[in-house]
Amino acid sequence: QVQLVAPGGGLVQAGGSLRLSCAASGSDFSINAMGWYCQAPGKQRELVAAISSGGSTNYADSVKGRFTISRDNAKNTVYLQMNSLKPEDTAVYYCNVRSVDIATLADFVSWGQGNQVTVSS
């Protein structure tokens, strides 16, 4: 199964930037889509951005034009560049990786440990 390591997050002032990263490791797996979710206090977890294995991207309306998702397939890593941050972006951000076990063709969904992002006004 795939393990995820996702350092990053922190406290930033409104208008500032942060970059999150999430690296996948394991054996005998193939990664498909990767993405980021966020969960603010008292709210449901929601999709922020996703990127396919071919590089197609999708963003939540609230972050379009401010956040950029990218991936480095050689490093099995997905990034989320967050610019022009707003206080309402404050949440725990979780990376999400969809992978396939090559030995069994079983599908897996892996979650990062969560990164607190706090944007002060």
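Residues numbered from 1 in each chain as written. Predicted model: local features only at pLDDT ≥ 70, side-chain atom pairs only at ≥ 80, totals over all residues. Heavy atoms only, no water.

1. Topic: the nonpolar core
At step 1: Trp36, Val48, Phe67, Ile69, Leu80, Met82 and Tyr93 are the most contacted members of the largest nonpolar core, which has 31 residues in total.
At step 2: Breaking this core down by element, the ones donating at least two residues are strand E3 (18-25), strand E4 (29-39), strand E5 (46-51), strand E7 (67-72), strand E8 (77-82), strand E9 (91-101) and strand E11 (115-120). (Core = buried A, V, L, I, M, F, W, Y, C linked by side-chain atoms within 4.5 Å. Buried < 20%, exposed > 50% of the residue type's maximum accessible area, 1.4 Å probe, protein only. Helix = DSSP H or I, 4+ residues; strand = E, 2+ residues; numbered from the N terminus.)

2. What to know about unusual backbone geometry
At step 1: Non-glycine residue Asp28 carries a positive phi angle of around 55°.
At step 2: Position of Asp28 among the secondary structure elements: in the loop between E3 and E4.
At step 3: In this structure Asp28 comes out as exposed when scored by relative accessible area, which is 53%.
At step 4: With phi around 50°, Asn76 is a residue other than glycine that occupies positive phi space.
At step 5: Along the polypeptide, Asn76 turns up in the loop between E7 and E8.
At step 6: For Asn76, a relative accessible area of 26% corresponds to the partly exposed category.

3. A look at the pattern of salt bridges
At step 1: Under the defined criterion, the tally for this structure stands at 2 salt bridges.
At step 2: Lys64 serves as the salt-bridge partner of Asp61, at 3.1 Å between the closest nitrogen and oxygen. With respect to class, Asp61 is no different from Lys64; both count as exposed.
At step 3: Of the charged contacts, one joins Arg66 and Asp89 as a salt bridge, the two residues approaching to 2.8 Å between their closest N and O atoms. Here Asp89 lies in the loop between E8 and E9 and Arg66 lies in the loop between strand E6 (57-59) and E7, a separation of 23 residues in the sequence. Of the two residues, Arg66 and Asp89, neither departs from the other in class, the shared state being buried. (Salt bridge = Lys/Arg side-chain N within 4 Å of Asp/Glu carboxyl O.)

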